[in-house]
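# Inside the fold
One-letter residues, chain by chain:
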Amino acid sequence: MVSSLWPLLKVWRTIDIGPATFVFGFRRRAYITRGLASARIAALPAGAAQQQIEAADPVVAESDAPARSTGAECGPALIVGAGPGFGYALARRLAREGFDLVLVARNAGRLAPLVEELATDGVRVESIGADATDERDVSSLFSRIAAGFGIPSLVVYGLQEFGPGETLDITLPAFESAWRHNCLGAFLVSQAAGRSMRPAGAGSIVLVGSTSSLIGRAGHLTLAVGKFGQRALAQVLARELWPAGIHVAHLVIDADVLEDPTRPEPHAQADPADIANTVLAIHRQPKSAWSSEIDLRPWNEKFWEHC
């Protein structure tokens, strides 16, 4: 009974009260870890921190890899939607480069093992529980980062929600939830990031898209509508913020992403560590040759056939 009524209750309703209209909708309360978890290893033997990270990351830094971050790049990196696969690989790559890290998820508690793994001498890693689709949560998140870390030098939005189904069968709550995660959250995070970076005149904002950012395929409405919107957001922001020195880029991942590199799938999948390298490269592009959009797929993958 409850399961059949719940989708109906989630539909937005209005009540007219004189000249005003009261708009409301029922939602399940998201499980948010409000506390902040952090870890830091005060001192490790020379090279031990690097060995720890490389043992967890299958991609080992080359001998000619760039030096640890210095100067303006040393501002913290913020990953919104940090999770297994790409999010974890990106966190490991950035930690290896010396970035302080803020990892955001609704349940920050599940990030505790990664936080402990990445905490190295001189690198601060913290996880914060927040709902990226909630304006108050996003505002509080950036205030806490500013107070504890300073202005972010790199912000990556990697949230994605997808519920397959034909358009005529999709419920309004399912459509709205996917749009909120794929588009609205990107808007709120990008807006807050841009506002924090603009006084410094520097920083990078990378919005992570998918095949559905460009192609609306049958059965993919909930993903395509939000990702189309996110791509539009990236294009508008690039035109507005590039002149202020803030690099906005849209990364299209035209592939399934391997979550566990130790257990390869039979079909072509993108290695998340390689995608993470591209994000770092985007952040380090010289101002005279910035990219506004890059698409990635494995060499043996057909074009535009995944989510």
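Residues numbered from 1 in each chain as written. Predicted model: local features only at pLDDT ≥ 70, side-chain atom pairs only at ≥ 80, totals over all residues. Heavy atoms only, no water.

## Considerations on the nonpolar core
To be explicit about the condition: Here, the term nonpolar core denotes a set of buried Ala, Val, Leu, Ile, Met, Phe, Trp, Tyr and Cys residues that are joined through side-chain atoms within 4.5 Å. Summary of the burial criterion: residues with accessible area below 20% of their type's maximum are buried, those above 50% are exposed, and those between are partly exposed, where the area comes from a 1.4 Å probe applied to protein chains only. The helix count covers DSSP runs of H or I at least four residues long, the strand count covers runs of E at least two residues long, and both are numbered beginning at the N terminus. Residues are treated as being in contact if the distance between any of their heavy atoms lies within 4.5 Å.
Counting 34 residues, the largest nonpolar core has L90, L94, L101, L103, V156 and L251 as the members making the most contacts within it. Sorting elements by how many residues they give to this core places helix α3 (residues 86-96) first, with six residues. Apart from residues lying up to four places away in sequence, L94 is in contact with A77, I79, F99, L101, L154 and L280. One finds I145, V155, A192 and L207 within the second-largest nonpolar core, a separate group that totals 30 residues.

## Brief notes about the pattern of salt bridges
Filter applied, for reference: The term salt bridge refers to a pairing of a side-chain nitrogen on Lys or Arg with a carboxyl oxygen on Asp or Glu at a separation within 4 Å.
A full pass over the atoms with the stated rule returns nine salt bridges. A salt bridge links E126 to R124; the nearest nitrogen and oxygen atoms lie 2.3 Å apart. Under the relative-accessibility criterion, R124 is labelled partly exposed at 25%. The salt bridge partner of R297 is D295, with a shortest N-O separation of 2.7 Å. The exposure class assigned to R297 is buried, which follows from its relative accessible area of 18%. The network of salt bridges with shared partners includes R93, E97 and R284.

## Focus: the pairing of strand β1 (residues 13-17)
Put simply, the test is: The pairing criterion is simple: DSSP has to find at least two bridges between the two strands.
Little of β1 sits inside the fold, with zero of its five residues counted as buried. Sheet analysis places β1 next to strand β2 (residues 20-24), joined by five bridges and oriented antiparallel. Each bridged residue has a counterpart across the sheet, and for I15 the counterpart in β2 is F22.

## So, the packing of helix α5 (residues 135-148) against helix α6 (residues 172-197)
The condition is simple: Axis definition: a line fit to C-alpha positions, over the contact stretch in the case of helices; interaxial angles, taken between N-to-C directions, run 0 to 180 degrees. Every angle not falling under 35 degrees, over 145, or within 65 to 115 is termed oblique; those three ranges are roughly parallel, roughly antiparallel and roughly perpendicular. The crossing is said to be left-handed when, going from far helix to near helix, the turn is anticlockwise and less than a right angle, and right-handed when the turn is clockwise. Under the scheme applied here, ten amino acids are nonpolar (Ala, Val, Leu, Ile, Met, Phe, Trp, Tyr, Cys and Pro), four are charged (Asp, Glu, Lys and Arg), and all others, including Gly, are polar.
Orientation of α5 relative to α6, taken along the N-to-C sense of each, is 30°, at an axis distance of 10 Å. Classified by the interaxial angle, the pair formed by α5 and α6 is roughly parallel. At the point where α5 passes α6, the crossing takes the right-handed sense. Seen from α5, the contacting residues are E135, V138 and F142; seen from α6, they are L188, V189, A192, A193 and S196. For the contact of α5 with α6, the residue count by class is six nonpolar, one polar and one charged.

## Regarding a nonpolar patch on the surface
Quick note on the threshold: Only residues above 30% relative accessible area that lack a salt bridge enter a patch, with like-charged residues linked at up to 9 Å and the nonpolar side chains Val, Leu, Ile, Met, Phe, Trp and Tyr linked at up to 5 Å. A 1.4 Å probe and the Shrake-Rupley method give the accessible areas. Residues count as covered only by the protein chains that appear here.
Together, I15, I17 and F22 make up a nonpolar patch on the protein surface, roughly 300 Å² of accessible area in all. With respect to the helices and strands, the residue I15 is situated in strand β1. For I15, a relative accessible area of 41% puts it in the partly exposed group.

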